[in-house]
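# Architecture and fold: a report
Read off the chains here:
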Amino acid sequence: MTEGDAGGGPGTPRTYARRWLFLLVVGLLSCSNATLWLSFAPVADVIAQHFLLSMEQVNWLSLIYFAVAIPSGIVAIWVLDSVGLRAATILGAWLNFLGSALRALPCMAVGIPNPFAFFMAGQSLCALAQTLVISPAKLAALWFPEHQRATANMIATMSNPLGVLVANLLSLALVKKGEDIPLMLGVYIIPASLACLLATTCIWESVPPIPPSAGAASSTSEKFLPGLLLLLQNKAYVILAMCFGGGIGVFSSFSALLEQILCVSGYSSEFSGLCGALFIVFGILGALILGLYVDQTKHFTEATKIGLCLASLACVAFSLVAQLQGQAIVLAAICSLLGLFGFAVAPVAMELAIECSFPVGEGAATGLVFVLGQAEGVLITVLLTALTVRRTDPSFSTCQHGEDSLDWTVSLLLMAGLCTLFTCVLVLFFHTPYRRLQAESGELPPPRRPSPTPKPPPEAPQKAPALPAPLEDPRDCDQGPV
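Because the structure is predicted, anything quoted here is derived from the model rather than measured.

## Some details on the overall build of the protein chain
- For the protein chain, the count of helices and strands is 18 helices and four strands.
- Here the protein chain, with 482 residues, has 51% of them falling under the buried criterion.
- Considering only contacts within the protein chain whose residues lie at least 6 apart along the sequence, 82% involve residues at least 24 apart.

## Details of the environment of Cys356
- On the secondary structure map, Cys356 appears in helix α14 (residues 328–357).
- Residue class for Cys356 comes out buried when judged on its relative accessible area of 0%.
- Distance in space between the C-alpha atoms of Cys356 and Lys235 is 9.6 Å, their sequence separation being 121 residues.
- Sequence-distant contacts of Cys356, defined by excluding residues within four places in its chain, comprise Asn234, Tyr237, Leu240, Thr432, Pro433 and Arg435.

## Comments concerning the pattern of salt bridges
- In total, this model carries five salt bridges according to the counting rule given.
- Glu146 is the salt-bridge partner of Lys298, the closest N and O atoms lying 3.0 Å from each other. Remark: Glu146 occurs in the loop between α6 (136–143) and α7 (149–174) and Lys298 occurs in the loop between α12 (269–297) and α13 (300–321); sequence separation between them is 152 residues.
- Judged by its relative accessible area of 14%, Lys298 is buried.
- In this structure Glu146 comes out as partly exposed when scored by relative accessible area, which is 31%.
- Where salt bridges share partners, they join Glu351, Glu355 and Arg436 into one cluster.

## Describing the state of the cysteines
- All chains considered together, the criterion is met by zero disulfides.
- Residue Cys243 stays outside any disulfide, its sulfur separated by 9.7 Å from that of Cys424, the closest cysteine.

## With respect to unusual backbone geometry
- Going from Phe358 to Pro359, the amide bond is cis rather than trans, its omega being 15°.
- Within the secondary structure layout, Pro359 lies in the loop between α14 and α15 (362–386).
- The backbone phi angle of Leu52 is positive, close to 55°, even though this residue is not glycine.
- Looking at the secondary structure, you find Leu52 in the loop between α2 (44–51) and α3 (55–83).
- Here Leu52 falls in the exposed class, since its relative accessible area comes to 77%.
- Backbone geometry at Lys298 places phi at a positive 65°, although glycine is not the residue there.

## Description of the packing of helix α1 (residues 19–38) against α3
- Across the interface, α1 lies against α3 with an axial gap of 7 Å and an inter-helix angle of 130°. As summarised for this structure, α1 and α3 are arranged oblique, according to the angle between their axes. Only Leu61, Ser62, Tyr65 and Phe66 of α3 make contact with α1, whose side of the interface consists of Asn33, Leu36, Trp37 and Leu38.
- When its residues are assigned to classes, the contact of α1 with α3 shows six nonpolar, two polar and no charged.

## Topic: the side chain of Thr432
- Examined against the element boundaries, Thr432 turns out to sit in the loop between α16 (409–429) and α17 (435–441).
- The contacts of Thr432, once residues within four sequence positions are left out, are Ala236, Thr301, Leu352 and Cys356.

## Overview of the side chain of Ser159
- Inspection of the secondary structure puts Ser159 in helix α7.
- When sequence neighbours within four positions are dropped, the list of residues in contact with Ser159 reads Gly27, Ser30 and Cys31.

## Some points on the packing of aromatic side chains
- One pass over the structure, following the stated rule, counts 13 aromatic pairs.
- Joined through ring pairs, the aromatic side chains of Phe251, Phe254, Phe279, Phe318 and Phe343 make up one cluster.

## Side note on a nonpolar patch on the surface
- Together, Val281, Phe282, Leu285, Leu288, Ile289 and Leu292 make up a nonpolar patch on the protein surface, roughly 490 Å² of accessible area in all.
- Among the secondary structure elements, Leu288 is positioned in helix α12.

## Points about the confidence of the model for the protein chain
- In the predicted model, the protein chain carries a mean pLDDT of 81, and 83% of its residues have values of at least 70.
- For the protein chain, per-element mean pLDDT is lowest for helix α18 (residues 474–479), which scores 43, and highest for helix α8 (residues 181–202), which scores 94.
- Taken as a whole, residues 445–454 scores under 50 in pLDDT and shows 13 contacts with residues more than four places along the chain or in a different chain.
- Note that pLDDT drops below 50 for residues 463–482; the model gives that stretch one contact with residues more than four away or on any other chain.

Rules of the game
Residues numbered from 1 in each chain as written. Predicted model: local features only at pLDDT ≥ 70, side-chain atom pairs only at ≥ 80, totals over all residues. Heavy atoms only, no water. Helix = DSSP H or I, 4+ residues; strand = E, 2+ residues; numbered from the N terminus. Buried < 20%, exposed > 50% of the residue type's maximum accessible area, 1.4 Å probe, protein only. Contact = heavy atoms within 4.5 Å. Salt bridge = Lys/Arg side-chain N within 4 Å of Asp/Glu carboxyl O. Disulfide = S-S within 2.5 Å. Axes fitted to C-alpha atoms, helices over the stretch in contact; angles between N-to-C directions. Parallel < 35°, antiparallel > 145°, perpendicular 65-115°, else oblique. Nonpolar A, V, L, I, M, F, W, Y, C, P; charged D, E, K, R; others polar. Phe/Tyr/Trp six-rings, centres within 6.5 Å; stacked < 30°, edge-to-face > 60°. Patch = residues over 30% accessible without salt bridge, like charges linked within 9 Å, V, L, I, M, F, W, Y side chains within 5 Å. Areas by Shrake-Rupley, 256 points an atom, 1.4 Å probe, with all protein chains shown as cover. pLDDT = per-residue confidence, 0-100.

This is how it looks when you write it as C-alpha cells:
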C-alpha cells in the first residue's frame, strides 16, 4: 500500500495508496452533510403544508447549521488537533448518520405529536458533524506529499458545494407532494450511512506510519491553547482570516438570498436555481484548475489575491445587473464568473492559512477561518435583509408566499462594497513567507513557542581536566641502573 522509494531510509518521506480512500470518505461525508443541510429548503412549501409548519420554522432547519457551527467549531478544532483526524472523522460520520435517521422518524412512526422537534434535533446533530469535517487541509497535510496537497484539499473542499447542488436538484425531483417526503428523507440516509460505514471500517489511523513530507512530521507541534494564541499574534494570519472569512460570509449571503433578490426583478425561481447551479458548477471547475496550478507553482498568495479581485468585480457587476429586468443571460454569466473566481480561491486560501501559521495545527489554522466565516455570514445576511425597504414603484415581482416586493438596492451595494473592502485589505496588507515549505526545504526551521523557563546556553566542549602527575612507582626506580 505504499508508493515511492521503498529503498529509502527510515526518515525518507513515503506516501500510502490508502490516502485516497481516506480522501474518498471525507469527501463523501462532506457531500452528504451538505445535502442534509439544504434538503428541506428547495421544497419548503410542501414541507410547511404537510407538517403544518410556518415558513420561519422551515427556514430554521437550515439556519441551525450556522447557530451550531459557531460555538461548536472551537471544540471541533480541539478534537481535530488533539484527539486526531481518525476519531474526528468517525465521530462526524456517526453524528451525520444519526442526524439523518432522526429526521426520518416522523415519517416512519405514527402519532408523533411534534415532527418539527425531530427535524431540528436531526439537523442539530448534522450541524455538529459539519464542524468535524471542515478541515480537509489537515488530511491533505498529513497524508499527501507537497505536490498533491492543494489538489487533495480542493477535492475534499469542493465536495461540500457539490452536495449543495445535489440537494437543490434531488429534493425538487423527489418531492412533488407531501406523500413524497418520506422517500426524500430515506434517500438522504443512504450516502450518510455509506460514509459512516466506510469511516468506521476503513480508516485505521490518523497519520501514516511514515509521513509524506517534513511538514507532516512537524504537524500539530503546538498545543491547542498556545496554538490559538500564536494565531492571534500572527498579523498575516489575522488579516487572512478576517478578510477571507468575510469573503465566505459574502458568498454565504449570496447563496441564501439569491432567490429573494432575483424574484423582485421578475426572474422565476427556476432561473434562480439555474444561477445557483452555475455558481457551484463553475466554482468546482475553477477550484480544480487552480488547485492543479498551485500544486505545481506554489503561488498561493498570488492566486488568492488575483482570484478575490476578479470575484469582487463579478460581485459588483451582479449588484448592478440584478436590479434590471430582462438580463437573464448576463446574470447567468455573472453568476458563473462569481463561482469560477470565488469558489476557486477557497481551497488555496486554506492552504495559505496553514503556510503562514506553521507549525500551528492545521485544524486550528483552517477551523478558525471557518468559524469566522460562519459568524460573518450570519451578520452579513442579517444586515442585508435589515436594509431592504418596500418598493414604491411598479413591481415585476414573482416572489411567492405573499411576500412584499422589496428594494434590495442598498443591500446589494453593501454586499459589493464589503467584498471589495475585504479584497483590498488582503491585497494591500497581507504578506507572508511560506513557513511550511521553507521548513520542508530546510531553509527555515519551524518556529517554536519560547519555553517559559529559559535554558542556559550549551557550554563549549572542554577537555577533561588534567590529573596531577602520579607518584613515581618505586618499582620503576628499581628498573633503572643503580
